[in-house]
Every structure is written in C-alpha cells, then in structure tokens.
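# Summary of the model geometry
Each chain, written out:
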Amino acid sequence: MGYPDTFEGFMITSQEQWSKFTKKEFKPKPFGDHDVDVKIEACGVCGSDVHTITGGWGKCNLPICVGHEIVGHVVKAGPKVTLAKVGDRVGVGAQVWACLKCEVCKKDNENYCPHLVHTYNSTYADGSESQGGYASHIRAHEHFTFPIPEKLDSAIAAPLLCAGITVWSPLVRAKIGPGKKVAILGIGGLGHLALIFSRALGAETYALSHSPHKRDDALQLGAGEFVVTGEPNWSKEYEMKFDFILNTADMTHTFDLKEYMRTLAVDGTFHNVGMPDEPLPELRVQDFMFNGPNISASHLGSRREILAMLDLVAKQNLKTWIETIDIIEKGCKEAVERVKAGKVHYRFTLVGYDKAFA
C-alpha cells in the first residue's frame, strides 16, 4: 500500500531473536490536526532500543520497530500545525505525544506527562501502537518535532534527540555551570555527551570510569581529570568533592554505591540516567547520611530544553562521536549487537534511508 497509509520499517518479531530484523509494512496512528509526518534520513541506535528488544526491560509490543533519535524532512503537516512546515528538517526524540493540558505539561514538564506516548512500544488512546525510526517515516505531534540547525549534519544531530537531551536536561536543571564540580560516571553513548555538555556549560568536569583505556577519549571530550574507579580505595582522594555525579552507566547494579556517595559534597546529588536491567544495589540510610547527598533520576527533557541544547551545540560547534551504518537487515543486526556488547565509539547512526526505502 505504501505511504501515507502505511510506513515501512525494519522490525523484530521475537525477543528471543532480538537482532533478527525484517522489513515490514505497518500502519501508523490516524493522522491528526496537529500531526507531522517526517521522511527519515538518519536515526541513532540507542541503548534503550537494545533493552527493549532483548526483553531487559520486560515484554514489548511485537512486531516492533525501534529507534527514537530521528532526523528527517517534513512531508506532511496537519491543518493546525504551526511549529513545522513541509520541507523543514526536524528531529524527533523518544516522545511523540503528551496531553499538553495537565498541570505537569503546563510547567514545561511534558516529558513527565502521565499520559505521554513514547516513540515506540507505546499505545495511543485509540489503541494505535507507536513505532520508531528504523523506518521510512515517523508520525508525531508537532510539539515533539524540533528544527535542526542548518550547520548540524543529520547523522551527528540524531543522537542528540535522546542521548543528548537525556544528559542535558539534568545538567541544566541542576544549574551546572562555572564553580560547580561535576563527575560523569560511565564514558559511553550517554557519558561522552555528558562530558561535552558539562565542559560547555563551564563546570569543572571529571570522568569516572572502570576502563583505563578511555582516559584519552575522556580528556579530549572535556574532562579535566580522569578517575579509574576500578583501583582500590579510588574514592578516598575525592571524598565530599563533587557537587553532582551524573551516572550514565549501564552496570550500576554491580557498583559499590557507598563509595560514590562518599565523594559527594554536602547536598550533592547522585543522578541516574543510565537504566540497567537490574535493580540498584542495596543501600542503608547510614551509607549516605553523613554528607547529606541526594539520589535522583530523570526522563528525557522538555521542548524548551531540547531547543536550547540544539542551539548551544550549533553555536559551539559541538559534535557527537558516531559511527554510521546502513539501514539494512545486516546493518541493524550489527548495530544492536555491538551496542549490547559496548563495542561502539560512541554512538551508531543508521543512514542510507533513501536506498532502503526507495
């Protein structure tokens, strides 16, 4: 049938065969007055994609087309759309709808709307299932389409739509800037962007990693100091030092959290954006009462925050570190398998959409 009645995407049909992708047609939600259709030209491969298709975060809707770091051009706009027009290059992240009417949304917190719809593996009120960006097109509410600055390459911009905003939002909400000591825990797809942003915001930035071989990368990305957390008593030198630890790691369940909590200044925060399959390690109140720190987490970011992030990236000429790979069955398989194994430097972006969806 084809667009606009159906989209085409690379989908999995079994979580047991989570890296076996097949190109299939699927039906998008009914087109609404505020909807925008985007013809996709690039999509980042996120750790969330892997957690979803492997079953690490539980059962998912099948068949499923993942991908929520999307860049493309608007090919259709609803009659009430004012934030985008046909021909615009826009990005779509991990959220495609919110009510925009509740008290949460009215406070620029639409990323926490209790009625939100994620870009994939979510269900709209009418029963339609959302599908993601390993596809020919994406249909989203205009509020969740973001103009991509002209100077940003689509493949480099794509990871900003999820990984970027996931680390940007907590940094700016914590008012990170000059005079703050920030530690980025985990130097990977999220962590490499967190280092870039922390430095760009003017903070004194440290990289915490169990992988000594990432030292040179971390320093190049913006860290002023590299701390190897696998060394005995590594935390002793940094007790009560950091105002903010941004935990981007995927293996938090294996950490001795007591050590990390000791490195926080009074009223400091250990903030989680990495989401492992396993629960956090057990902590006693006594483990973090003597310096009065906080433990927190966050989900994506608001439209206002995403626009500010894209503006800063363009003005400061910041660049995600990516590898590109063609969106074909073999390419999708290689990308998700290498992301799961942690063998990507530091994000994958799927490209070649025109050839795959001629």
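Residues numbered from 1 in each chain as written. Predicted model: local features only at pLDDT ≥ 70, side-chain atom pairs only at ≥ 80, totals over all residues. Heavy atoms only, no water.

Under an unreviewed UniProt entry, the name given to the protein is alcohol dehydrogenase (NADP(+)), and the organism recorded is Fistulina hepatica ATCC 64428. Here is the UniProt Catalytic activity (unreviewed entry) comment for the protein, exactly as written: "a primary alcohol + NADP(+) = an aldehyde + NADPH + H(+)". (UniProt positions renumbered as here; feature names shortened; annotations may be inferred.)

## A word on the packing of helix α4 (residues 163-173) against helix α8 (residues 303-316)
Contact pair α4 / α8: the axes reach a minimum separation of 10 Å and the direction vectors enclose 100°. Put simply, α4 runs roughly perpendicular to α8. Contacts from G164, I165, W168, S169, V172 and R173 in α4 reach E305, I306, A308, M309 and L312 in α8. Classifying every residue of the contact of α4 with α8 by side-chain character gives seven nonpolar, two polar and two charged. (Axes fitted to C-alpha atoms, helices over the stretch in contact; angles between N-to-C directions. Helix = DSSP H or I, 4+ residues; strand = E, 2+ residues; numbered from the N terminus. Parallel < 35°, antiparallel > 145°, perpendicular 65-115°, else oblique. Contact = heavy atoms within 4.5 Å. Nonpolar A, V, L, I, M, F, W, Y, C, P; charged D, E, K, R; others polar.)

## Details of the side chain of H271
When you line up the elements, H271 lands in strand β14 (residues 264-272). For H271, the side chain forms a polar contact with the side chain of S298, separated by 2.7 Å. Setting aside residues no more than four positions away along its own chain, H271 makes contact with P170, F244, I245, L246, N247, S296, A297 and S298. (Polar contact = N/O pair within 3.5 Å; in protein donor to acceptor, adjacent residues only side chain to side chain.)

## Comments concerning a nonpolar patch on the surface
Taken together, V285, M289 and F290 make up a surface patch of nonpolar side chains, about 370 Å² in accessible area. For V285, the position within the fold is in the loop between β14 and β15 (294-297). (Patch = residues over 30% accessible without salt bridge, like charges linked within 9 Å, V, L, I, M, F, W, Y side chains within 5 Å. Areas by Shrake-Rupley, 256 points an atom, 1.4 Å probe, with all protein chains shown as cover. Salt bridge = Lys/Arg side-chain N within 4 Å of Asp/Glu carboxyl O.)

## With respect to the packing of aromatic side chains
All told, the structure shown has 13 aromatic pairs when counted by the stated rule. Their ring planes at 40° and their centres at 5.8 Å tell us that Y353 and F357 sit as a pair that is tilted. Taken as a pair, Y353 and F357 share a single burial class, namely buried. An aromatic cluster is present here, built from W234, F255, Y260 and F270 joined pairwise through their rings. Against the face of Y124 rests K29, its NZ or CZ located 5.4 Å from the ring centre. Between K76 and the ring centre of F31, over which it is positioned, the NZ or CZ distance is 4.1 Å. (Phe/Tyr/Trp six-rings, centres within 6.5 Å; stacked < 30°, edge-to-face > 60°. Buried < 20%, exposed > 50% of the residue type's maximum accessible area, 1.4 Å probe, protein only. Lys NZ or Arg CZ within 6 Å of the ring centre and 35° of its normal.)

## Some points on the packing of helix α1 (residues 47-54) against helix α9 (residues 329-341)
Each pair of packed helices gets described by two things: the angle between the helix axes and the distance between those axes. Contact geometry for α1 and α9: axes closest at 9 Å, N-to-C directions at 100°. Taken together, the axes of α1 and α9 are roughly perpendicular relative to one another. From α1, G47, V50, I53 and T54 reach across to α9, where they touch V336, V339 and K340. Within the contact of α1 with α9, the residues separate by chemical class into four nonpolar, two polar and one charged.

## Let's talk about the side chain of D37
Looking at where D37 falls in the secondary structure, it is placed in strand β3 (residues 35-45). Among the polar contacts listed, one links the side chain of D37 to the side chain of R139, at a separation of 2.7 Å. In contact with D37, not counting residues within four places along its chain, are Y3, F7, F31, H73, V74, V75, K76, I138 and R139.

## Some thoughts on the pairing of strand β17 (residues 347-351)
Counting buried residues along β17, five of its five residues qualify, which places the element largely inside the surrounding structure. The pairing of β3 with β17 spans three bridges and is classified as antiparallel. Residue pairing in the sheet places C43 in a bridge with L350 of β17. Here five bridges tie strand β16 (residues 322-326) to β17, and the two strands are oriented parallel to one another. (Pairing = 2+ DSSP bridges.)

## Notes on the state of the cysteines
All told, the structure shown has zero disulfides when counted by the stated rule. No disulfide involves C99; its nearest neighbouring cysteine sulfur is the one of C102, lying 3.6 Å away. Classification of C99 by relative accessible area gives buried; the value is 17%. A disulfide-free cysteine, C162 has its sulfur positioned 3.9 Å from the sulfur of C46, the nearest such atom. Among the residues examined, C162 registers a relative accessible area of 5% and is labelled buried. (Disulfide = S-S within 2.5 Å.)

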